[in-house]
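Descriptive structure summary
Each chain, written out:
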Amino acid sequence: GAVVSQHPSRVICKSGTSVKIECRSLDFQATTMFWYRQFPKQSLMLMATSNEGSKATYEQGVEKDKFLINHASLTLSTLTVTSAHPEDSSFYICSADRTGMNTEAFFGQGTRLTVV
Amino acid sequence: KQEVTQIPAALSVPEGENLVLNCSFTDSAIYNLQWFRQDPGKGLTSLLLIQSSQREQTSGRLNASLDKSSGRSTLYIAASQPGDSATYLCAVRPRGGGGADGLTFGKGTHLIIQP
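Described below are features of the structure shown in this document. Just so it is clear, the structure is predicted and the values come from calculations on it, not from any experiment.

**Structural notes on the overall build of chain A**
When helices and strands are tallied, chain A shows zero helices and 11 strands. Reading chain A from its N terminus to its C terminus gives the helix and strand order β-β-β-β-β-β-β-β-β-β-β. A compact globule built from 116 residues should have a C-alpha radius of gyration of about 13 Å, and chain A, at 13 Å, falls within 12% of that. Here chain A holds 116 residues, and 51% of them are scored as buried. In chain A, once contacts between residues fewer than 6 apart in sequence are set aside, the share between residues at least 24 apart is 53%. Of the roughly 5,800 Å² of accessible surface on chain A, 51% is carried by carbon and sulfur atoms.

**Description of the side chain of Thr109(B)**
Residues and elements named next belong to chain B. Locating threonine 109 in the fold gives a position in strand β11 (residues 109–114). The class of threonine 109 is buried, set by a relative accessible area of 0%. The residues contacting threonine 109, other than those within four sequence positions of it, are Gln6, Ile7, Pro8, Ala9, Leu11, Leu21, Ala86, Thr87 and Tyr88.

**Remarks on the state of the cysteines**
When the sulfur atoms of two cysteines share a covalent bond, that bond is a disulfide. Residue and element names in this part refer to chain A. Tallied over the entire structure, the rule returns two disulfides over all chains. Disulfide pairing is shown between cysteine 23 and cysteine 94; the S-S distance is 2.0 Å. Across the S-S bond linking cysteine 23 and cysteine 94, the dihedral sits near 85°, which makes this disulfide right-handed. In this pair, cysteine 23 sits in strand β3 (residues 19–25) while cysteine 94 sits in strand β9 (residues 90–98), placing the two residues 71 residues apart along the sequence.

**Observations regarding the interface of chain B and chain A**
Across the contact, 22 residues belong to chain B and 20 residues belong to chain A. Buried area between chain B and chain A, summed over both chains or domains, comes out near 1,600 Å², and the portion from carbon and sulfur atoms is 50%. Three residues, Leu44(B), Phe105(B) and Lys107(B), lead the burial of chain B against chain A; their summed loss comes to 27% of the area buried on that side. Run the count over chain B and chain A and you get one salt bridge. At the boundary of chain B and chain A, one finds nine residue pairs in polar contact (both at pLDDT 80 or more). At the level of secondary structure, the elements contributing two or more residues to the side of chain B that touches chain A comprise β4 (30–38), β5 (44–51) and β9 (86–94) of chain B. Split by residue class, the side of chain B that touches chain A holds eight nonpolar, 10 polar and four charged.

Reading guide: rules and limits
Residues numbered from 1 in each chain as written. Chains lettered and ligands numbered in written order. Predicted model: local features only at pLDDT ≥ 70, side-chain atom pairs only at ≥ 80, totals over all residues. Heavy atoms only, no water. Helix = DSSP H or I, 4+ residues; strand = E, 2+ residues; numbered from the N terminus. Rg over C-alpha atoms; globule rule 2.2 N^0.38 Å. Buried < 20%, exposed > 50% of the residue type's maximum accessible area, 1.4 Å probe, protein only. Contact = heavy atoms within 4.5 Å. Areas by Shrake-Rupley, 256 points an atom, 1.4 Å probe, with all protein chains shown as cover. Disulfide = S-S within 2.5 Å. Buried area = accessible area lost by both parts, 1.4 Å probe. Salt bridge = Lys/Arg side-chain N within 4 Å of Asp/Glu carboxyl O. Polar contact = N/O pair within 3.5 Å; in protein donor to acceptor, adjacent residues only side chain to side chain. Nonpolar A, V, L, I, M, F, W, Y, C, P; charged D, E, K, R; others polar.

The structure is reproduced here in structure tokens:
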């Protein structure tokens, strides 16, 4: 099956600092990757769509200057949470589509971000 | 705006029982529907993918059905085992983007299988 690797799995940072999260498709190329956020007891919510070689598309209400997305290659997308605040503490998870006739989403392990 | 609802929110049953998890969505214009499993603090494991033109998919003890016109999907788990304990998520992909858009998730069903 398709493998998506996300790092780090957990990170604690001080308020005001920036944190970078990496998402890699290990055994397939992904022109499109997605970033989601999940608050406790809530659904996963789509934050942005990351397209290789172009700017990310952000969902309504997601600050593009706070959540910087870079999709520099067909196997790597990064999410940088800039000037993090305690309210940014959440579970962030990426997915990559294995494209073809049956577009199937594969997810990374997720990153638990705690801002103190 | 697409909304996905999963019922029940939580379920606890003895080992060996067959069970059904329900998922409903408000906009039938979907590209596909996926069922996932999420263990506490972990990522998502894809269980079954159903294309909009399909009615069901099976994998081992799991069977998922799709009734697109009524906006419903069910996940059937046969002969449940304690290892099946997890949160099960239903997600739909919109048709409008040709399959290139992100998923809309339900809140999940938290399943506990008692030994």
